Amino acid sequence: MHSNCIWITGASRGIGASTARKFAAQGWNMALTCLHSTDLLQALKQELEDQFHITCRTFTADMGDYAQVASCMEDILQTFGHVDVLVNNAGISRIGLFSDLSPGDWQTILQTNLTSVFNCCHQALPSMLREKSGRIINISSVWGCVGASCEAAYSAAKGGVNALTQALAKELAPSGIPVNAIACGAIDTDMNGGLSVQERTALEEEIPAGRFGLPWEVADLIWHLTQTPVYLTGQILRLDGGWI
Ligand code: NAD
């Protein structure tokens, strides 16, 4: 009987950090990644290891870069021997007119939000298939379902994540590996830190629940998705307070 291990990408803050806290409290070991915030991630590791006596490996690496993901995976397998749950959470958003979107920005947004999911799934799957167990949970967005004005690249990337989730779910169902996505609405994290008070209030008025979602609510749904029958697969679950 091995102890559970979760790999969460983009865990230095926001939804990823909240998810790390949720699983650490349940005694799971974990591998956490971030792009630049090494100090934040290190502090989180210290907090979780001290409080919950788990093992946490951290990596400052770009999940959009296949070679960097492969090197994380090598270390994760050496440390833990397996990954039970992969949470593809790393992401960035940029707001602006389509005509102002440079080819470079398009590339970065697709690379970070979509290629990262390919990279991590591609690296995590061989050991999951060998063990005939594992789960993949992709953190997507309602904009991947319906598209957002001034977020064309982000919407395209998250739409790609949704389609990849459904395609991979079909391919992996015979192996008993569920693949699901959570399409978040507006969640109260630094990603929305650039909104003015007026913009935020306007958004809150649009959301039937009357407020932004909270990172722990996403973490809670991720937790529940690790407890569901593996027969539940290929689902895009909207967590948006009734918004879309
Ligand atoms: P956040 O900005 O607070 O955190 C993003 C995390 O991703 C950070 O830890 C950052 O280091 C990491 N990251 C970014 N680029 C990376 C890369 N190339 N490689 C590795 N790590 C990288 O954002 P958040 O709100 O917690 O968002 C988490 C996920 O939820 C994202 O995929 C985002 O698109 C999605 N989401 C968020 C909202 C929202 O309203 N906050 C809505 C819908 C979807």
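**Student:** Before we move on, could you go through the environment of Ala-173 and cite the residues and values that matter?
**Tutor:** As for its placement among the helices and strands, Ala-173 is situated in the loop between helix 6 (152-172) and strand 6 (179-184). Between the C-alpha atom of Ala-173 and that of Cys-184, which follows or precedes it by eleven residues, the distance is 24 Å.

**Student:** Help me get a handle on the nonpolar core, residues and values and all.
**Tutor:** Ile-6, Met-30, Leu-32, Leu-48 and Ile-222 are the most contacted members of the largest nonpolar core, which totals 28 residues. Discounting residues that sit within four places of it in the chain, Met-30 has contacts with Ile-6, Ala-20, Phe-23, Ala-24, Leu-48, Ile-54, Thr-55, Cys-56, Arg-57 and Phe-80. Core analysis: the second largest hydrophobic core is formed by 27 residues, Phe-59, Leu-86, Met-128 and Ile-136 among them.

**Student:** Help me get a handle on the layout of surface pockets, residues and values and all.
**Tutor:** Unoccupied space between atoms shows up once a probe the size of one water molecule is rolled over them. For the largest pocket, the calculated volume is near 1200 Å³. Gly-91, Ile-92, Ser-93, Tyr-154 and Met-191 are the residues nearest the centre of the largest pocket, which is lined by 47 residues in total. Secondary-structure elements contributing two or more residues to the lining of the largest pocket are helix 1 (14-25), strand 2 (29-34), strand 5 (135-141), helix 6 and helix 7 (197-206). Volume-wise, the second largest pocket comes out at about 150 Å³. If you trace the second largest pocket, you find it lined by Gly-185, Ala-186, Ile-187, Ile-207, Ala-209, Arg-211, Phe-212, Gly-213, Glu-217, Leu-239, Asp-240 and Gly-241. When the residues that make up the lining of the second largest pocket are grouped by side-chain class, the tally is six nonpolar, three polar and three charged.

**Student:** Which residues make up the pairing of strand 5, and what are the values?
**Tutor:** Of all seven residues in strand 5, seven are buried; the element is thus mostly enclosed. With four bridges joining them, strand 4 (residues 85-88) and strand 5 adopt parallel strand pairing. Opposite Asn-88, over in strand 5, you have Asn-138 as the bridge partner. In this fold, strand 4 hands off to helix 4 (residues 103-131), which returns the chain to strand 5; that crossover is right-handed.

**Student:** Let's hear about the packing of helix 3 (residues 66-80) against helix 4: which residues, and what values?
**Tutor:** Where helix 3 meets helix 4, the closest approach of the two axes is 9 Å, and the angle between their N-to-C directions is 30°. On the basis of the axis angle, helix 3 is roughly parallel to helix 4. Once helix 3 is placed against helix 4, the crossing between them reads as right-handed. In this structure, helix 3 contributes Tyr-66, Val-69, Ala-70, Met-73 and Leu-77 to the contact, and helix 4 contributes Phe-118, Asn-119, Cys-120, His-122, Gln-123, Ala-124 and Ser-127. Grouping the amino acids of the contact of helix 3 with helix 4 by side-chain chemistry returns eight nonpolar, four polar and no charged.

**Student:** For the packing of aromatic side chains, give the residues involved together with the corresponding values.
**Tutor:** This model, assessed by the stated rule, comprises five aromatic pairs. Measuring from centroid to centroid gives 4.9 Å for Phe-23 and Trp-28, while their planes differ by 80°, and the two rings are edge-to-face. Trp-28 matches Phe-23 in its accessibility class, with the two residues each being buried. Consider the rings of Trp-28 and Trp-223, whose centres lie 6.1 Å apart with planes at 75°: the pair is edge-to-face.

**Student:** Describe in detail the sheet that holds strand 5, supporting the description with residues and values.
**Tutor:** One key point about sheets: their strands pair by backbone hydrogen bonds, in either a parallel or an antiparallel sense. An order of 3-2-1-4-5-6-7 is seen for the seven strands of this open sheet, with the pairing classed as parallel. If you trace the sheet from one side to the other, it starts and ends with strand 3 (56-60) and strand 7 (236-239), each paired once. The sheet shows a mean angle of 15° between the axes of neighbouring strands, direction not considered. In this structure, strand 1 (residues 5-8) lies alongside strand 2, joined through four bridges in parallel fashion. Each residue of the ladder has a partner; that of Trp-7, found in strand 2, is Ala-31. Running over the sheet, helix 8 (residues 215-225) touches strand 4, strand 5, strand 6 and strand 7 and is turned about 165° from strand 6.

**Student:** Which residues make up helix 8, and what are the values?
**Tutor:** Helical geometry note: an α-helix holds 3.6 residues per turn, so side chains three or four residues apart project in the same direction. Within helix 8, the full set of buried residues consists of Pro-215, Val-218, Ala-219, Ile-222, Trp-223 and Leu-225. Along the long axis of helix 8, the arc covered by the buried residues comes to 160°, so they all point the same way. Among the structural elements, helix 1, strand 4, strand 5, strand 6 and strand 7 are those in contact with the buried residues of helix 8.

Analysis parameters
Residues numbered from 1 in each chain as written. Predicted model: local features only at pLDDT ≥ 70, side-chain atom pairs only at ≥ 80, totals over all residues. Heavy atoms only, no water. Helix = DSSP H or I, 4+ residues; strand = E, 2+ residues; numbered from the N terminus. Core = buried A, V, L, I, M, F, W, Y, C linked by side-chain atoms within 4.5 Å. Buried < 20%, exposed > 50% of the residue type's maximum accessible area, 1.4 Å probe, protein only. Contact = heavy atoms within 4.5 Å. 1 Å grid on protein atoms, 1.4 Å probe; cavity = no way out; pocket = protein on both sides within 12 Å on 5 of 7 lines; lining within 4 Å. Points joined across faces, edges and corners; volume = space filled by probe spheres on them. Nonpolar A, V, L, I, M, F, W, Y, C, P; charged D, E, K, R; others polar. Pairing = 2+ DSSP bridges. Right-handed = clockwise from strand over helix to strand, strands pointing away. Axes fitted to C-alpha atoms, helices over the stretch in contact; angles between N-to-C directions. Parallel < 35°, antiparallel > 145°, perpendicular 65-115°, else oblique. Left-handed = near helix turned anticlockwise from the far one by under 90°. Phe/Tyr/Trp six-rings, centres within 6.5 Å; stacked < 30°, edge-to-face > 60°. Arc of directions from axis to C-beta.

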